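An overview of the molecular structure
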Amino acid sequence: MLISTSRKPSQKTRTFCKNFQHAFGFEYTNRGKSSLRDLLIKAAELGHDSLVLVYQIKGNPSKLTFYDLEGEEKLALLVSVNTTNERLHIKPEDLKIKCGVEELDCLAEILGFELTKEPLDSNYVRISYADYDDEKNFAMIYFVNKKGEQIDLQINVKKISE
């Protein structure tokens, strides 16, 4: 998967994209003046099967939109994120996704990782419903490194966009 941004990304958006890149082992490219079509062509040339665009509002990542190489939108998530400047200690080749939110099970297929319901102790992405008292978020995406520690990178899913 190729990762890119809206046209003039803030430092926080670029940091999130680099965290996302390292966590999943994807490739990140600066968008510049490239159109969606240009990015899809570049993704195909680089051997990727999909593209994710990270949009922002007021300098903060606010939407993740996943496309196939034909330019068809597969999934769009309205989000807020917590980023980190620390090393992630995640091995993407061993990564699995543990999802407790049925509406987001499709993320495993879109991202190209194995979906599991089994308990895991290291190197996985955990997707769960937000806390009952959390009125802003629908679900949370947490990252657990190879040491079994939850890292600071977190994606708060506010809504699945139609």
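Residues numbered from 1 in each chain as written. Predicted model: local features only at pLDDT ≥ 70, side-chain atom pairs only at ≥ 80, totals over all residues. Heavy atoms only, no water.

Focus: the pattern of salt bridges
For clarity, the threshold we go by: We define a salt bridge as a side-chain nitrogen of Lys or Arg found within 4 Å of a carboxyl oxygen belonging to Asp or Glu. Counting from the N terminus, the helices are DSSP H or I runs at least four residues long and the strands are E runs at least two residues long. Burial status follows relative accessibility: with a 1.4 Å probe on protein chains alone, a residue under 20% of its type maximum counts as buried, one over 50% as exposed, and anything between as partly exposed.
Under the definition given, this model contains four salt bridges. Between Glu-114 and Lys-96 there is a salt bridge, with the nearest N and O atoms lying 4.0 Å from each other. On the criterion of sequence distance, the pair formed by Glu-114 in strand 7 (residues 114-116) and Lys-96 in strand 6 (residues 96-99) is long-range, its members being 18 residues apart. Given a relative accessible area of 46%, Glu-114 falls into the partly exposed group. Note on Lys-96: relative accessible area 29%, which makes it partly exposed. With a shortest N-O distance of 3.5 Å, Lys-117 and Asp-105 are connected by a salt bridge. Linking Lys-117 in the loop between strand 7 and strand 8 (124-129) with Asp-105 in the loop between strand 6 and helix 3 (106-111), this pair joins segments that are twelve residues apart in sequence. According to the relative accessible area criterion, Lys-117 is exposed, its value standing at 51%.

Section: the pairing of strand 6
Defined as follows: For two strands to pair, DSSP has to find at least two bridges joining them. Call a crossover right-handed when, viewed with both strands pointing away from you, the route from the first strand across the helix to the second goes clockwise.
Of the two faces of strand 6, only the one carrying Ile-97 and Cys-99 is buried; Lys-96 and Lys-98 on the other face are not. As judged from the three bridges shared by strand 6 and strand 7, these two strands associate in the parallel manner. For Lys-96, the partnering residue across the bridge sits in strand 7 and is Glu-114. Once you follow strand 6 into helix 3 and on to strand 7, the crossover reads as right-handed. The pairing of strand 6 with strand 8 spans four bridges and is parallel. Bridging from a neighbouring strand, Lys-98 pairs with Arg-126 of strand 8.

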